[in-house]
Amino acid sequence: MVSAELDYTIEIPDQPCRSRESSPEQGRKEAGTRQPVVILLGWGGCTDKNLAKYSAIYHKRGCIVIRYTAPWHMVFFSESLGIPSLRVLAQKLLELLFDYEIEKEPLLFHVFSNAGVMLYRYVLELLLTHRRFCHLRVVGTIFDSGPGDSNLVGALRALAAILEHRPAVLRLLLLVAFALVAVLFHILLAPLTALFHTHFYDRLQDSASRWPELYLYSRADEVVLARDVERMVEARQAHHVLVRSVDFVSSAHVSHLRDYPTYYTSLCVNFMRSCVQC
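To start, this report covers the structure provided alongside it.

### Quick notes on the overall build of the protein
Right, on to step 1. A count of helical and extended segments in the protein gives twelve helices and seven strands.
Right, on to step 2. Contacts in the protein between residues at least 24 apart in sequence constitute 78% of all its contacts with a sequence separation of at least 6.
Right, on to step 3. A total accessible area of about 13300 Å² is found for the protein, and carbon and sulfur atoms account for 56% of it.

Here is the structure:
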């Protein structure tokens, strides 16, 4: 089902959300264990068809899955200008749990690239501070190809890919406009900007969330640098968060599932199971 107001997709399994793949020795431990509701937050410019490949990992195992990708102009321009417009989308996304009466289920996030992280940042703030959402039970978060910290060249590469089919003049104007905004607000006026807007990377480093996190990245990624992900992993471990990270070494940005489908799937499924059983 797709909503016109918030352009999301939700997949609800035919069977109750119980573990379907328990081995005999796991049977007793997992008996009655409820699978989490999984929320996928897409990367900039990705389509629902792109996210459906990841959704299948969880849906096949009895999970309710919600897929959503924030509009690229909000990700690249509103956030760069310090306008928290993504917060409204984050709130609508969490309200879906109440609309579908699944707010008591365990919750797992699968977040892609910086676009997904920027939206997740506001989801996280609402989970930790909003009266209605602070009782939701998040069991874990998977980060794919992120987060990255102020890599202008990488951001321009990502935006160029999104604008690939736009007219050449418009594409050039938008790329130049984004570069100017990024340089002005995040380099030249960084001390001033910091007074009213905290960068999403800094916010995540110091987040009060303590559920487990899995980071899937690659040193071959030209959009989000591996060292940024590794620095985030170290920061979260310093906050005593249970963290695991996997470097796929050779796969490109948000291409780990495509290049290593079996390994990627097993990492996600095993992480999900371990989180639910904690």
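Text resumes after the structure shown.
### Notes on the packing of helix H2 (residues 48-59) against helix H12 (residues 261-277)
Right, on to step 1. Following both chains from N to C, one finds H2 and H12 inclined at 45 degrees, their axes separated by 10 Å at the closest point. Regarding the angle of H2 to H12, the classification is oblique. Handedness of the crossing formed by H2 with H12: right-handed. Residue-level contacts link Tyr-54, Ile-57 and Tyr-58 of H2 to Tyr-264, Thr-265, Cys-268, Val-269 and Met-272 of H12.
Right, on to step 2. Looking at the contact of H2 with H12 residue by residue, the classes come out as seven nonpolar, one polar and no charged.

### Observations regarding the layout of surface pockets
Right, on to step 1. For the largest pocket, the calculated volume is near 720 Å³.
Right, on to step 2. In terms of lining residues, the largest pocket is bounded by 35 residues, among which Phe-76, Asn-114, Gly-154, Ala-155 and Ala-158 are the most central.
Right, on to step 3. The greatest single-element share of the lining of the largest pocket, amounting to seven residues, is contributed by helix H6 (residues 152-162).
Right, on to step 4. Grouping the amino acids of the lining of the largest pocket by side-chain chemistry returns 19 nonpolar, 13 polar and three charged.
Right, on to step 5. If you add up the space inside the second largest pocket, you get close to 210 Å³.
Right, on to step 6. In this structure, the second largest pocket is lined by 14 residues; those nearest its centre are Asp-7, Tyr-8, Cys-46, Tyr-68 and Thr-69.
Right, on to step 7. Looking at the lining of the second largest pocket, the elements with two or more residues in it are H2 and strand S3 (65-68).
Right, on to step 8. Partitioned by chemical class, the residues of the lining of the second largest pocket number seven nonpolar, three polar and four charged.

### A look at the pairing of S3
Right, on to step 1. A two-sided burial pattern is seen for S3, the buried positions comprising Val-65 and Arg-67 on one face and Ile-66 and Tyr-68 on the other.
Right, on to step 2. The pairing of strand S1 (residues 9-11) with S3 spans three bridges and is antiparallel. Along S3, the bridge assignment pairs Glu-11 with Val-65.
Right, on to step 3. Examined bridge by bridge, strand S2 (residues 37-41) and S3 share four bridges and lie parallel to one another. Looking at the pairing, Val-38 lines up with Val-65 of S3.
Right, on to step 4. At this point the chain moves from S2, through H2, to the parallel S3, and the crossover so formed is right-handed.

So, how was this worked out
Residues numbered from 1 in each chain as written. Predicted model: local features only at pLDDT ≥ 70, side-chain atom pairs only at ≥ 80, totals over all residues. Heavy atoms only, no water. Helix = DSSP H or I, 4+ residues; strand = E, 2+ residues; numbered from the N terminus. Contact = heavy atoms within 4.5 Å. Areas by Shrake-Rupley, 256 points an atom, 1.4 Å probe, with all protein chains shown as cover. Axes fitted to C-alpha atoms, helices over the stretch in contact; angles between N-to-C directions. Parallel < 35°, antiparallel > 145°, perpendicular 65-115°, else oblique. Left-handed = near helix turned anticlockwise from the far one by under 90°. Nonpolar A, V, L, I, M, F, W, Y, C, P; charged D, E, K, R; others polar. 1 Å grid on protein atoms, 1.4 Å probe; cavity = no way out; pocket = protein on both sides within 12 Å on 5 of 7 lines; lining within 4 Å. Points joined across faces, edges and corners; volume = space filled by probe spheres on them. Buried < 20%, exposed > 50% of the residue type's maximum accessible area, 1.4 Å probe, protein only. Pairing = 2+ DSSP bridges. Right-handed = clockwise from strand over helix to strand, strands pointing away.

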